[in-house]
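# Structure at a glance
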Amino acid sequence: MNICIVGAGYVGLVTGACFADLGHKVICVDNDRKKIEALKKLKMPFYEKGLHDMVKRNVKAKRLSFSSRIEEGVKKSIVIFICVGTPPRPSGEADLSSIEHVATEVARNLSSYCIVVEKSTVPVKTGKWVEHTIKLNARKKVKFDVASNPEFLREGTAIDDFLHPDRIVIGVESKKAEKILLDLYKGIDAEVVVTDIKSAELIKHASNSFLATKISFINSVANICERTGANIAEVAHGMGLDTRIGKSFLRSGIGYGGFCFPKDLDAFIHISGKLGYDFGILKAARKVNEEQKALFVRKIEEALWIVKAKTVGILGLAFKPNTDDMRFAPSIDIIDSLKENGAKIKVYDPQAMEKARGVLKGVTFCKDPYEAAMNSDALAIVTEWHEFEVMDLDRIKKLMKKPLVVDGRNIFDPQRMKEMGFEYISIGR
Ligand code: UGA
């Protein structure tokens, strides 16, 4: 099938590469010419495991191409995926201007039947607006369908998530669109949920919000563990064995970050409010998440006593391991708070250094965890990269001014750290 992907960001590029790998002919379009030129030279705009090889393979096989001209993609394709960003406005509302722009451009270039599919995360009822915008701007009277096919991939495991999803959600309002989209996903073995467009839109917002709430819930329980001497790892394990609860997303830490959960929660709260419903649970989940970062900073500060002029080494900057994504990374707020209180900051991340240089100012960038530990009064673990789990702790201890480790991701065994002579502070245990 000929497919056009509009927006070569995380979702668009991974989706395009995976569909090409399934044997479809894909054109990825983006109005960022530099990005497209780089992609033509097989340079990825971000780090994602396995993506470079997959793109290379499919470009070589002539199943995947790139263009900065939307008309090129729209005219040739039967399915057009909208994968542009829906960033938050200051009010928390999703900014849908890029969606409107793409819908208008698609409409102007429509020449034969196609399905316009929302893949970006959008508030419920966006599909109706996309349909309306296309009708308003179409130059010819061409039949089209709108559909919603939300993506559930996680950064770091995006390709695997795309090819082996828990479910595929297809929101459609015509049998024709349903058949074409089912055919498109034929190579993937997963349960397919076919629904109306509004339900599909809601499945995405509700899923992300539920997962974020699960994280805030376990972080709240971790705070009770700290006050009672219970151990959050054991509590989470005991809870997670109940299949109704499930083991995943019960890791307590410094709270969720990234470009999905914080903005999707905000957008879901906002659209619920607009529909006349005050989504209190989500407001509470958001509050817990903000407090969790502040609590982590307080732990560092209490362990240091006087923060001013002390050096804190930060291990991990990306919002989670196996990505270089710094958007809404908890590290940013944590570093800002420590700096405000006069701490000197040294940072290291295995992948996110380049992106971090654009975001973090007034910090020292280090070449490895050992340089970050050197002469530091405290070492704060902010992202649970495997590289930190296996680092030489004896060497770290010798390099530090004071062997203090504040672990926001619970990557070490407290007993072992104590035996090694560290003052070790973690979350909920
Ligand atoms: C999330 C969802 O998991 C995907 O299903 C969804 O497609 C994506 O958003 C999206 O909407 O595009 P992602 O943001 O890439 O994916 O990352 P996650 O692995 O879900 O982690 C999100 C945040 O939660 C991270 O900051 C992570 O550290 C935190 N987290 C996750 C915890 O603090 N505890 C956990 O147990 C799990």
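The notes below deal with the structure included here.

Calculation rules
- Residues numbered from 1 in each chain as written.
- Predicted model: local features only at pLDDT ≥ 70, side-chain atom pairs only at ≥ 80, totals over all residues.
- Heavy atoms only, no water.
- Axes fitted to C-alpha atoms, helices over the stretch in contact; angles between N-to-C directions.
- Helix = DSSP H or I, 4+ residues; strand = E, 2+ residues; numbered from the N terminus.
- Parallel < 35°, antiparallel > 145°, perpendicular 65-115°, else oblique.
- Left-handed = near helix turned anticlockwise from the far one by under 90°.
- Contact = heavy atoms within 4.5 Å.
- Nonpolar A, V, L, I, M, F, W, Y, C, P; charged D, E, K, R; others polar.
- 1 Å grid on protein atoms, 1.4 Å probe; cavity = no way out; pocket = protein on both sides within 12 Å on 5 of 7 lines; lining within 4 Å.
- Points joined across faces, edges and corners; volume = space filled by probe spheres on them.
- Domains from an automatic or database assignment.
- Buried < 20%, exposed > 50% of the residue type's maximum accessible area, 1.4 Å probe, protein only.
- Pairing = 2+ DSSP bridges.
- Right-handed = clockwise from strand over helix to strand, strands pointing away.
- Polar contact = N/O pair within 3.5 Å; in protein donor to acceptor, adjacent residues only side chain to side chain.
- Salt bridge = Lys/Arg side-chain N within 4 Å of Asp/Glu carboxyl O.
- Near = heavy atom within 4 Å.
- Areas by Shrake-Rupley, 256 points an atom, 1.4 Å probe, with all protein chains shown as cover.

### Topic: the packing of helix H12 (residues 280-304) against helix H13 (residues 330-340)
Where H12 contacts H13, the two axes come as close as 10 Å, and the packing angle between them is 45°. In terms of orientation, H12 lies oblique with respect to H13. As for how H12 packs across H13, the hand of that crossing is right-handed. Contacts between H12 and H13 pair Glu 290, Lys 293, Phe 296, Val 297, Ile 300 and Glu 301 from the former with Pro 330, Asp 333, Ile 334, Ser 337 and Leu 338 from the latter. Classifying every residue of the contact of H12 with H13 by side-chain character gives six nonpolar, one polar and four charged.

### Describing the layout of surface pockets
For the second largest pocket, the calculated volume is near 480 Å³. Put simply, the parts of the chain that give the lining of the second largest pocket at least two residues each are helix H5 (97-109), helix H6 (126-137) and helix H11 (261-274). Ranked by residues supplied to the lining of the second largest pocket, first place goes to H6 with six residues. Here the lining of the second largest pocket is built from residues that sort into twelve nonpolar, five polar and six charged. Three or more residues apiece are contributed to the lining of the second largest pocket by two domains, here domain 1 (2-195) and domain 2 (210-425).

### Remarks on the pairing of strand S5 (residues 114-118)
Within S5, five of the five residues are buried, which leaves it mostly tucked inside the rest of the structure. Both faces of S5 are covered, namely the face carrying Cys 114, Val 116 and Glu 118 and the face carrying Ile 115 and Val 117. Inspection of the sheet shows strand S4 (residues 79-82) paired to S5 by four bridges, in the parallel sense. For Ile 80, the partnering residue across the bridge sits in S5 and is Val 116. Of the crossover connections in this fold, the one passing from S4 over H5 to the parallel S5 is right-handed.

### A short note on the packing of helix H9 (residues 197-228) against H12
Direction vectors running N to C along H9 and H12 enclose 45°, while the axes themselves pass 9 Å from each other. Relative to H12, the element H9 lies oblique. For the element pair H9 and H12, the recorded crossing hand is left-handed. Taken together, the residues of H12 that come into contact with H9 (itself represented by Ser 209, Thr 213, Ser 216, Asn 219, Ser 220, Asn 223 and Glu 226) are Ile 281, Leu 282, Ala 285, Val 288, Asn 289, Gln 292, Leu 295 and Lys 299. A class-by-class count of the residues in the contact of H9 with H12 yields five nonpolar, eight polar and two charged.

### As for helix H2 (residues 33-40)
Looking at where H2 begins, the residue whose side-chain oxygen comes 3.2 Å from the main-chain nitrogen of Lys 34 is Asp 32. Downstream of H2 by one or two residues, Leu 42 has phi in the positive range, about 65°.

### Remarks on the environment of Pro 369
Within the secondary structure, Pro 369 sits in helix H15 (residues 369-373). Taking the relative accessible area as the measure of exposure, Pro 369 reaches 2% and is therefore buried. Separated by 211 residues in the primary sequence, Pro 369 and Ala 158 have C-alpha atoms spaced 27 Å apart. The contact partners of Pro 369, leaving out residues within four places of it in the chain, are Leu 315, Tyr 348, Glu 387, Phe 388, Met 391 and Ile 396.

### Some thoughts on the sheet that holds strand S10 (residues 344-348)
Strand order across the open sheet formed by six strands is S11-S10-S9-S12-S13-S14, with parallel pairing between neighbours. Every interior strand has two partners, whereas the edge strands, strand S11 (364-365) and strand S14 (423-425), have only one. Here strand S13 (residues 404-407) runs beside S14; their pairing, made up of three bridges, is parallel. Looking at the pairing, Val 406 lines up with Ile 425 of S14. Along the sheet face, H12 touches strand S9 (311-315), strand S12 (378-381), S13 and S14 and points at about 165° away from the line of S13. Most of the contacts of H13 go to S10, to which it runs at about 155°, and overall it touches S9 and S10.

### Side note on the pattern of salt bridges
Here the structure, examined in full by the defined rule, presents 32 salt bridges. Among the salt bridges present, the one from Lys 179 reaches Asp 183, with a minimum N-O distance of 2.9 Å. Of the two residues, Lys 179 and Asp 183 both sit in helix H8 (residues 175-184), four residues apart, roughly one turn of that helix. Since its relative accessible area comes to 52%, Lys 179 is described here as exposed. Here Arg 409 and Glu 384 are joined by a salt bridge, their closest N and O atoms 3.3 Å apart.

### Examining the site of the ligand
Surrounding the ligand, one finds 19 residues, the nearest of these being Phe 152, Leu 153, Glu 155, Lys 204 and Asn 208. Asn 208 is positioned such that a nitrogen or oxygen atom in its side chain is 2.7 Å from an oxygen atom of the ligand. At a separation of 3.4 Å, an oxygen atom of the ligand approaches a polar backbone atom of Leu 250. Its free accessible area being 710 Å², the ligand has 94% of it covered by the protein chains. Counting residues per element, the ones that place at least two in the shell around the ligand are H9 and H11. Residue composition of the shell around the ligand, by class: nine nonpolar, two polar and eight charged. Looking at which domains feed residues into the shell around the ligand, each of domain 1 (2-195) and domain 2 (210-425) supplies at least three.

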